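Chain and residue survey
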Amino acid sequence: MMGSTLSVRPAVLGLRLKAARASKRITQEAAAAEIGVARTTIVAIEAGKRVVTPEELRTFAELYEVQESELLDVARPDLKLQIDFRSAVQSAESEAESI
């Protein structure tokens with residue numbers, strides 16, 4: 001699987017990753033440090049502007065304590081992730097207002 005790409009749309013996966021991160025109350029900075037990338041990389045991934053490698057997906061899933069399949073299942077969104085996503089959006093809006 002090394003070097004292969006994921007079949008889920010980057011924008012959809014980015015939103016799911018953002019929701020999973022927010023549900024664990026992990027900042028972008030902390031996630032970036034844990035994964036070994038720049039915070040701007042996390043921003044780009046969550047915005048759907050950068051494709052996630054399978055290896056990164058495994059690392060995100062472990063860090064956020066979710067199954068990879070939860071992040072990839074576009075056909076059946078998980079209700080908890082939908083609720084967490086709404087919370088993440090509200091949190092992101094609050095963060096943006098404080099900048």
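Right, let's walk through the structure included here. Quick caveat: nothing in here was measured; it's all calculated off a predicted structure. Along every chain, residues carry numbers that run from 1 in the direction the sequence is written. Two thresholds apply to this predicted model, a pLDDT of at least 70 for residue-level local features and 80 or more for giving and counting side-chain atom pairs, whereas whole-chain, interface and lining totals are computed over all residues. As a rule here, side-chain values cover all heavy atoms of the structure and leave hydrogens and water aside.

Buried Ala, Val, Leu, Ile, Met, Phe, Trp, Tyr and Cys residues that are joined via side-chain atoms within 4.5 Å together make up what is termed a nonpolar core. With a 1.4 Å probe rolled over the protein chains alone, any residue whose accessible area is under 20% of its type maximum counts as buried; one over 50% counts as exposed, and the rest are partly exposed. The biggest cluster of nonpolar side chains holds 18 residues, and the ones touching the most others in it are L13, L17, V52, F60, Y64 and L71. Mapped by element, the contributors of at least two residues to this core are α1 (10-23), α2 (28-35), α3 (39-46) and α4 (54-64). Only heavy atoms matter for contacts: two residues are in contact if any of them lie within 4.5 Å across the pair. Those residues in contact with L71 that lie beyond four places of it in its chain are L13, R16, L17, A20, L57, A61 and V66. Segments assigned H or I by DSSP are reported as helices when at least four residues long, segments assigned E as strands when at least two residues long, and all are numbered from the N terminus.

This part covers the side chain of E46. Tracing the sequence through the fold places E46 in helix α3. Judged by its relative accessible area of 6%, E46 is buried. Of note is the side chain of E46, whose polar atom sits 3.0 Å from the side chain of Q28. Aside from chain neighbours lying at most four places away, what touches E46 is G14, L15, L17, K18, R21 and Q28. Definition of a polar contact: a pair of N or O atoms within 3.5 Å, with one able to donate and the other able to accept a hydrogen when the atoms are protein atoms, and with sequence-neighbouring residues admitted only if both atoms are side-chain atoms.

Two residues of an α-helix separated by three or four positions point the same way, owing to the 3.6 residues in each turn. Three or more residues of α3 are buried, namely T41, I42, I45 and E46. In an axial view of α3, the angular spread of the buried residues amounts to 130 degrees, which keeps them on one side of the axis. Contacts from the buried residues of α3 go to α1, α2 and α4. Downstream of α3 by a residue or two, G48 has a phi angle that is positive, lying close to 80 degrees. This arc corresponds to the set of directions leading from the helix axis out to the C-beta atoms.

This part takes up the pattern of salt bridges. Opposite charge on two side chains makes pairing possible when the charged atoms of those side chains draw close. For this document, the term salt bridge refers to a Lys or Arg side-chain nitrogen within 4 Å of an Asp or Glu carboxyl oxygen. One pass over the full model with this rule turns up five salt bridges. A salt bridge links E46 to R21, with the nearest nitrogen and oxygen atoms 2.6 Å apart. One end of the pair, E46, is in helix α3; the other, R21, is in helix α1, and 25 residues separate them in sequence. Among the salt bridges present, the one from R39 reaches E29, with a minimum N-O distance of 3.7 Å. Of this pair, R39 sits in helix α3 while E29 sits in helix α2; the two residues are 10 residues apart in sequence, bridging distant segments of the chain. On the accessibility criterion, R39 (36% relative accessible area) is partly exposed.

Counted at 1.5 Å a residue, the expected span for α1 with its 14 residues is 20 Å, and the 20 Å between its end C-alpha atoms agrees. Listed in full, the buried residues belonging to α1 are V12, L13, G14, R16, L17, A19, A20 and R21. Expected span of a helix, by definition, is 1.5 Å for each gap between consecutive residues, and there is one gap fewer than residues.

The next point concerns the packing of aromatic side chains. Between rings of Phe, Tyr and Trp, where Trp is taken as its six-membered ring, a pair exists when centres lie within 6.5 Å; planes separated by under 30 degrees are stacked, by over 60 edge-to-face, and by other angles tilted. One pass over the full model with this rule turns up one aromatic pair. Plain terms: the ring middles of F60 and Y64 are 5.6 Å apart, the flat faces sit at 35 degrees to each other, and that makes the pair tilted. Residue F60 and its partner Y64 are located together in helix α4, separated by four residues, close to a single helical turn. On the basis of relative accessible area, Y64 is assigned to the buried category, the value being 1%.

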